[in-house]
Amino acid sequence: TGRVVDIFRSTDGGTTWEPRLNPGAPFSQLLLTNIPFATGCFGSSNFSQGWYDNIIKIDPIDPDVVWVGGIDLLRSDDGGQNFGLASYWYFDVTDPNYSHADQHEIVFHPQYNGTTNQTMFVGSDGGVSRTDNARAATTTADCPADGDPVGSVTFTSLNNGYGVTQFYHGAISRNSDMFLGGTQDNG
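In short, a report on the structure. Keep in mind it's a predicted model, so treat the numbers as computed, not measured. Each chain has its residues counted from 1, following the order in which its sequence is written. Given that the model is predicted, a residue must reach a pLDDT of at least 70 before its local features are reported, and side-chain atom pairs must reach 80 or more before they are shown or counted; all residues, however, enter totals for whole chains, interfaces and linings. Water and hydrogen atoms play no part in the side-chain values, which are based on all heavy atoms of the structure.

1. Things to note about the pairing of strand β8 (residues 120-124)
Here's step 1: Within β8, four of the five residues are buried, leaving the element largely enclosed by the surrounding structure.
Here's step 2: In short, DSSP must find at least two bridges between two strands for them to pair. Under the DSSP-based scheme used, a helix requires at least four consecutive residues in state H or I and a strand at least two consecutive residues in state E, with every element numbered from the N terminus. Across five bridges, the pairing between β8 and strand β9 (residues 127-131) is antiparallel. Note on β9: the bridge partner recorded for phenylalanine 121 is arginine 130.
Here's step 3: From the end of β8 to the start of β9, which pair antiparallel, there are two residues. Summary of the burial criterion: residues with accessible area below 20% of their type's maximum are buried, those above 50% are exposed, and those between are partly exposed, where the area comes from a 1.4 Å probe applied to protein chains only.

Rendered as structure tokens:
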């Protein structure tokens, strides 16, 4: 079903591990799923991409701030017990809360300090984006609509015309010079 069972933390170099995830919290078992589909916002589905796009990073200043990227980006401020959404892939690309789906990397700015420098970079199937307010409020709204809180973390695309095509499959014609390719979901 693609559900997350738990997140574990070690404070002694890996000798012992403590389960952290609050199973009753919003998104607790959906961290690597397509949240708006898993919660019924866009219909229902058990869709999960935990096999493909997932990243977990700890804030370099505060070990209780945990970032998880699957399809969307989520952040915990209590050591992985509860998570809030920080980005939405299904918004219009001009919306400040939009960050392309399928998260693969999170990198903090070298001078990140969590206050005057909250810059974080995210690598996804859609390229690279940046937030300058990584510590801003997140939300537990799974399907924001008019008047619903969206959270305050904003993203800027750094792609500047970047285009990508990833071929998943291909075929060669036996009788001509024709090649066919099936590309990933970015067109």
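2. So, unusual backbone geometry
Here's step 1: With a phi angle near 70 degrees, phenylalanine 27 is a residue other than glycine that sits in the positive phi range.
Here's step 2: Here phenylalanine 27 shows up in the loop between β2 (18-19) and α1 (35-38).
Here's step 3: You can call phenylalanine 27 buried: its relative accessible area is 5%.
Here's step 4: Here the phi dihedral of asparagine 160 falls at roughly 50 degrees; this positive angle occurs in a residue that is not glycine.
Here's step 5: Inspection of the secondary structure puts asparagine 160 in the loop between β10 (156-157) and β11 (167-172).

3. Some thoughts on the sheet that holds strand β3 (residues 55-58)
Here's step 1: If you trace the four strands from one edge of the open sheet to the other, you get β3-β4-β5-β6, paired in antiparallel fashion. Because the sheet does not close on itself, it has two edges, and the strands there are β3 and β6 (84-85).
Here's step 2: In this structure, β3 lies alongside strand β4 (residues 66-69), joined through four bridges in antiparallel fashion. Within β4, the position partnered with lysine 57 by the bridge is tryptophan 67.

4. Observations regarding the packing of aromatic side chains
Here's step 1: When the centres of two rings from Phe, Tyr and Trp lie within 6.5 Å, Trp using its six-membered ring, the rings pair. Their planes under 30 degrees apart give stacked, over 60 give edge-to-face, and anything left gives tilted. The tally for this structure, following the rule as stated, stands at one aromatic pair.
Here's step 2: Each ring, one from phenylalanine 108 and one from tyrosine 112, has its centre 4.9 Å from the other, and the planes form 65 degrees; the classification is edge-to-face.
Here's step 3: Given the relative accessible area of 6%, tyrosine 112 is considered buried.

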